Amino acid sequence: MKHQAPRGTRDLLPGEVERWQWAEDRARGVLGRYGYREIRTPMFEEYELFARTSGESSDVVQKEMYRFKDLGDRDLALRPEGTAGVCRAYLEHGLGGKGRIHRLWYMGAMFRYGRPQKGRYRQFSQIGAEVIGTAEPGADVEMIALFVDVFEAWGFGELNVLLNSVGTPESRRAYGDALRGWLDPVASRLSPDSQERLVRNPLRVLDTKHPTDLAILRGEEGGLEVATMPRMLDVLDDESRLHFDGVRRGLDAAGIRYELDHGLVRGLDYYTRTAFEVHDRSLGAQSALGGGGRYDGLIEALGGPATPGVGFSIGLDRAILAIEERGDAAMDSAPAVFVVSMDTTRDAALALVRTLRRSMPAIADLEARGFGAQMKAAGKSGARFMVLLGEDEWQRGEVVVKDLASGEQSNVPASGLSDRLQAAAETIHER
Ligand code: AMP
């Protein structure tokens, strides 16, 4: 074969795409009911935007960026995540002056130059939401409720939300120092990557995906006493602690289950205070389905006025893998009706199928094949009903409707056909 999709990308073929559409539609429904509005930003932005927001020391910026110069010598990058672009647009269009609180969502392709494996691609899709304009814990609670409800709409049962607070940049520095001290005895055994992180940004060591590092962090390779791992919550500044208490109270009141995870630090630098994630064990190492948190310093870092925000993003590829793994994905998109005609009724069938299509999925033969070949195709199509336009019946203003599931067939007047089939087709479609 001459050409293949680039490494780390994939084609979604018909059959698979229906599952994506189903997941996207369900998510859109929840987002709409929460009062969030869609925003669409470009798939590429100035490189600097991501460098400034995700942080120079983040994996995304250091190793995974699709950075390129265009023919006008502009320094650009394919977006690795959605929040930076949304905040850039928020500032560029002065949304802050057009209402205090903005509830936004986005969906689309993101790009990261990572090592491809199951659940990890170079082009992948995220659904994300943001509340910009308030630092109140209520916004964090709403965000986590929305996050959980999107998964619920996808049929995930009780989710275990992992929760932490990463405080302010100051409390994070204090935590970084404590972490450095704790990791010091094993520093020389960590991967070169983690050793470098230990110097530049110790919190990132907790984010490592290196198997040996992970084992050391779990206390398996000896040396580290997991129970003594410093906790962010112990060095949190008073305001962050009050905020975190408010978030926890709100989650309890809303009936959202969560578990504190003292090692949860998000991958990007702009997070402050609340951080949360959801994992799925069926996905192995690439288990994070989604996560989010507060980013009170981000808009200011982009040169705007101090504007708090909180958001999440969910990886659609992984969520859909997990849905498939569950094995109850019944999202067939077979036509409801297959119209079969003869030479003499072919023109009539053209008009009829067009009428049917106003209210239900219907198809007809494209190739003027014989009656038998068409019936066979109808059987294979997965259609629920076959509508036959026989010459004699058509002369009498009738068609034959055969229920391909039960095998029953009857003659019905052609004029009321659409209405007659619609009710049945709708119930099939909703299945
Ligand atoms: P992050 O912005 O890194 O927190 O990513 C949010 C979510 O996007 C993750 O929980 C994953 O579900 C998904 N994700 C991140 N990177 C990839 C990737 N390379 N391939 C597929 N999904 C990804």
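Just so we're clear, the structure is a prediction, and the values are computed from it rather than from any experiment.

Colleague: Honestly, the nonpolar core in this entry has me stumped. Any pointers?
Modeller: Counting residues in each nonpolar core, the largest one holds 94 residues, and the members touching the most others are Ile 144, Phe 151, Trp 154 and Leu 183. Beyond its immediate stretch of four places on either side in the chain, Trp 154 contacts Trp 22, Ala 23, Arg 26, Ala 27, Ile 127, Ile 314, Leu 316, Ala 319, Ile 323 and Arg 326. With 19 residues, the next largest nonpolar core counts Leu 389, Val 412, Ala 414 and Leu 417 among its residues.

Colleague: So what exactly am I meant to see when it comes to the environment of Asp 245 here?
Modeller: Here Asp 245 lies in helix H10 (residues 238-254). Taking the C-alpha atoms as reference points, Asp 245 and Gln 62, 183 residues apart in sequence, are found 35 Å from one another.

Colleague: Looking at this structure, I do not really get the sheet that holds strand E1 (residues 37-38). What am I missing?
Modeller: Adjacent strands of a sheet form backbone hydrogen bonds with each other and so pair up, either parallel or antiparallel. Ordered by their spatial adjacency, eight strands build an open sheet running E1-E5-E6-E11-E10-E9-E7-E8, and the pairing between neighbours is mixed. In this open sheet, the two strands that pair with only one neighbour each are E1 and strand E8 (258-260). Alignment of strand E5 (residues 102-111) against strand E6 (residues 123-132), held across ten bridges, turns out to be antiparallel. When the sheet's bridge partners are listed, Trp 105 is paired in E6 with Ala 129. Strand contacts of helix H5 (residues 137-153): E5, E6, strand E7 (161-165), strand E9 (272-279), strand E10 (288-294) and strand E11 (309-315), with the helix running at about 15° to E11, the strand carrying the most contacts.

Colleague: What exactly am I supposed to notice about the environment of Val 199 here?
Modeller: Note on placement: Val 199 falls in helix H7 (residues 192-200). Judged by its relative accessible area of 61%, Val 199 is exposed. The spatial distance from the C-alpha of Val 199 to the C-alpha of Val 339 is 70 Å, given a sequence separation of 140 residues.

Colleague: Would you mind showing me how to read helix H14 (residues 371-381) here?
Modeller: Listing the buried residues of H14 in full gives Gln 374, Ala 377 and Ala 378. Seen along its axis, H14 keeps its buried residues to an arc of 105°; they face one direction. Exposed residues on H14 whose side chains face more than 90 degrees from its buried face are Gly 372, Lys 376, Gly 379 and Lys 380. Elements that come into contact with the buried residues of H14 comprise strand E12 (337-341), helix H13 (346-357) and strand E14 (385-389). Following H14 by one or two positions, Gly 382 adopts a phi angle in the positive range, close to 85°.

Colleague: Can you help me understand the sheet that holds strand E2 (residues 44-46) in this one?
Modeller: Taken in spatial order, the three strands make up an open sheet running E2-E4-E3, and their pairing is antiparallel. Of all the strands in the sheet, the pair left with one neighbour each is E2 and strand E3 (67-69). Along the sheet, successive strands turn relative to each other by an average axial angle of 35°, direction set aside. Pairing analysis gives three bridges linking E2 to strand E4 (residues 75-78), with the strands arranged antiparallel. Each bridged residue has a counterpart across the sheet, and for Phe 44 the counterpart in E4 is Leu 78. Sitting on the sheet, helix H2 (residues 47-54) is in contact with E2, E3 and E4, with an inclination near 80° to E2.

Colleague: Can you help me understand the packing of aromatic side chains in this one?
Modeller: Both the distance between ring centres and the angle between the ring planes are used here to describe each pair of aromatic rings. In total, this model carries seven aromatic pairs according to the counting rule given. Ring centres of Tyr 66 and Tyr 113 lie 5.7 Å apart, and the angle between their planes is 80°; this geometry places the pair in the edge-to-face category. Linking Tyr 66 in the loop between helix H3 (59-63) and E3 with Tyr 113 in the loop between E5 and E6, this pair joins segments that are 47 residues apart in sequence. We classify Tyr 113 as partly exposed; its relative accessible area is 43%. Among the aromatic residues, those joined into a cluster by ring pairs are Phe 147, Phe 151, Trp 154, Phe 156, Phe 276 and Phe 312.

What counts and how
Residues numbered from 1 in each chain as written. Predicted model: local features only at pLDDT ≥ 70, side-chain atom pairs only at ≥ 80, totals over all residues. Heavy atoms only, no water. Core = buried A, V, L, I, M, F, W, Y, C linked by side-chain atoms within 4.5 Å. Buried < 20%, exposed > 50% of the residue type's maximum accessible area, 1.4 Å probe, protein only. Contact = heavy atoms within 4.5 Å. Helix = DSSP H or I, 4+ residues; strand = E, 2+ residues; numbered from the N terminus. Pairing = 2+ DSSP bridges. Axes fitted to C-alpha atoms, helices over the stretch in contact; angles between N-to-C directions. Arc of directions from axis to C-beta. Phe/Tyr/Trp six-rings, centres within 6.5 Å; stacked < 30°, edge-to-face > 60°.

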